[in-house]
Every structure is written in C-alpha cells, then in structure tokens.
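# Commentary on secondary and tertiary structure
The primary structure of each chain is shown beneath.
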Amino acid sequence: MSARPIAHVIGDPVSGSKSPAIHRFWLEKLGLDGDYEARHVEAGGLANYLSHAREDPDWAGCNVTMPHKQAVIRHLDRLDPVAETLGAVNTIVPEDGELVGYNTDAPGFIEPLEPLLGDNHLFRMARIVGTGGAARAIVAALAQRGFTLVLAGRDPGKARALLDELAPDGEHHAVHLSHFAEPTDFPFDDREGCLDLVVNASPLGMRGQPPLPFDWSHAPPGSLAYDIVTDPGETPFLTNAREAGHRTIGGLAMLVGQAALAFAKLYSTAPPRQHDSELFGMLGT
C-alpha cells in the first residue's frame, strides 16, 4: 500500500455523500496519513475512472454508490463470492494488480438489526421498496434470516426476477410501487411474537428526489421502519413512520456499518468503532 493511501466514493450524484466525513474521522482517530474523497463519476466515465485508478500508486480503492453498483462489475477483474452472488459491488480495492469487487452492504444493513434478530420470532416479514443494487443486498440478507418478503418496484417483473434469483426459497411476493401508496383497511392479525420491517431501499426521499409514496396503513402495529437514505438524515418516510407509532432506523446506521467493513479493506486496518457515539454526533444523529 502507498505511504499515503487515498480512497474515493464514486457515484452520480455524490456531492451529498457522508462517506468522506466517516472515513476521515476514522483516519484521524487512528493517526493514519491517508485521505478519502468524493468523486462525481457519471455512467460513461466509469471505465476512464478505473483505468486511471489502476495506474495511481496512491489509490487505495473506492466505494461505489448509486447508480453504479451493478454497472461497475464489467470493469473489474474479479468479484468476491458475496458480490458475485448479489450481482452488486459497493467496494473496489486493488489486489495484486487486479481490481476486486466486494459488497459490504448486506452486513452493514443487518448490523443495527442484530439485537432484534437474536430473538426468536413466530414470523418475520419485510416490505421492501426498491430493486437496485442496495435492494439486492437487503433482499438476500433478510431472506437468509427467515423473512418473508414483499418487494415493490416500478417494474414488478424486475422485482419478481430479483426474488427468484436471490431468495428462491419461501413464499415471497413482488408488487408494483403503487401497491403501498394508497390506504388499506387490511385487518392485521395478532403480531405478538412477530417482527415486521418496512424498508426503503430506493433513492426516493433523497435530497432532490420525490418522497417515497408509502401509506402507513400497510404496516402492522409495532413495525420497524428502516430508510437507507442518508441525505437528508430525517426523511418524510421516517417522520411519517414515527407519527404512525412505529420505531425507526435511519440510513446512517447502515452507512457506518458498511463503511466500517470497507475501511478495513481500503486501509488494511479496522476502524476504531469505540468512537461511534462521537461519529454519529458529528454526522448529526
């Protein structure tokens, strides 16, 4: 590794990314002489960015955010088994002259749920909105932990294909995004002993994007709302969930969880997680 490794986060858009603040915080706490920057890379610029990165001895790798998590794969030399299974990459590192793609989204998403997943449940169900790269990791992670899934997207056929690919076992359902937009009078059964999640795995609600059209009558009492959007930290999805009486998890929890795993690959050392409370305070949570 270079004496002063530099890593990036690439995406379109990427100006609102909190990843530079997170990685620089950890670098400073560890006293490492390195850096981390946001780089705006459009779809047509992926090949050029990675070509230059290969030749830069200071380049430690990069994180990949929307909308490149799937498109970037064709520019890489190989994938680790998790990224290959998911068909999505969020971390790229140079290894022995090759560009290797990893995916830390799934464990990053699961990290704040671990205290709940340690309990036994009679039934687990997750309503998930989104069919992009992050949604792929979330679908796989929740299916592996015994959730029945309802996946909503603008193209129900794409949602069905994603479920068939990544969660072939179980009675999962694919619906159109509009399915959750209108109120329902569905009489939910007794949810004692059950774990219900509602996950926004789409960019809807992100700064500059329209809000997610989700009516909270579709969520059983006691549901947990989880929004992976990080800018803004407080989305209408989360606000409306709390007003409807549900618990919430914001996107920064997943962002920090997946960033910790990526940091270890980029800088070959574990981040100082003992400073998490200070980090979240700095990020505004």
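Residues numbered from 1 in each chain as written. Predicted model: local features only at pLDDT ≥ 70, side-chain atom pairs only at ≥ 80, totals over all residues. Heavy atoms only, no water.

## Section: the overall build of the chain
Note the threshold: Where helices and strands are cited, they refer to DSSP runs of H or I of at least four residues and of E of at least two residues respectively, numbered from the N terminus. Atoms counted for the radius of gyration: C-alpha only. Globule rule: 2.2 Å times residue count to the power 0.38. When a residue's accessible area, from a 1.4 Å probe over protein chains only, is under 20% of the maximum for its type it is buried; when over 50% it is exposed; and in between it is partly exposed. Accessibility throughout is a Shrake-Rupley quantity obtained with a 1.4 Å probe, and a residue counts as covered only by protein chains that appear here.
Within the chain, the secondary structure is distributed over 10 helices and 12 strands. The C-alpha atoms of the chain give 19 Å as radius of gyration, which agrees with the globular expectation for 285 residues (19 Å, within 12%). Across its three principal axes, the chain shows a C-alpha extent of roughly 60 × 40 × 35 Å. Here the chain, with 285 residues, has 50% of them falling under the buried criterion. For the chain, the exposed area adds up to about 12,800 Å²; of that, 50% sits on carbon and sulfur atoms.

## Comments concerning the layout of surface pockets
As a reminder of what qualifies: Each cavity reported here is a set of points on a 1 Å grid over the protein atoms alone in which a 1.4 Å probe fits but cannot get out, each pocket an open set with protein on both sides within 12 Å along at least five of seven lines, and each lining residue one with an atom within 4 Å of a point. Grid points are joined across faces, edges and corners, and a volume is the space filled by probe spheres set on the points. Under this grouping Gly is polar, as are all residues other than the nonpolar Ala, Val, Leu, Ile, Met, Phe, Trp, Tyr, Cys and Pro and the charged Asp, Glu, Lys and Arg.
Each pocket or cavity is described by its volume, and for the largest pocket that value is around 1,000 Å³. Around the largest pocket, the lining is made up of 46 residues, and of these Thr65, Met66, Ser202, Pro203 and Met206 lie nearest the centre. Among the elements of the structure, β3 (59-64), α6 (133-144), β8 (148-153) and α9 (251-267) are those that each provide at least two residues to the lining of the largest pocket. Considering each element in turn, the lining of the largest pocket owes the most residues, 4 residues, to α9. Per-class residue counts for the lining of the largest pocket are 18 nonpolar, 19 polar and 9 charged.

## Topic: helix α10 (residues 276-283)
The condition is simple: Each C-beta atom gives one direction from the helix axis, and the arc is the one those directions make. Any two residues whose heavy atoms approach within 4.5 Å at even a single point are treated as in contact.
For α10, the set of buried residues is Asp276, Leu279 and Leu283. Viewed end-on, α10 has its buried residues packed into an arc of 60°, placing them on one side of the element. Elements that come into contact with the buried residues of α10 comprise α1 (19-30) and α9. Just downstream of α10, Gly284 is the residue with a positive phi angle, here 95°.

## Notes on the sheet that holds strand β5 (residues 91-95)
Inclusion rule: Two strands are said to pair when DSSP picks up at least two bridges between them. In this description, a line fitted to the C-alpha atoms serves as the axis of each element, helices being fitted only across the stretch in contact, and the angle between N-to-C directions of two axes falls anywhere from 0 to 180 degrees.
Here we have 6 strands laid out as an open sheet, ordered β2-β1-β3-β5-β6-β4, and mixed in their pairing. Each of the sheet's edge strands pairs with one partner strand only, and the pair in question is β2 (35-40) and β4 (78-79). α1 contacts β1 (6-11), β2 and β3 of the sheet and is inclined by roughly 170° relative to β2. Sheet contacts for helix α2 (residues 46-54): β1, β3, β5 and β6 (98-102); angle to β3, the most-contacted strand, approximately 155°.

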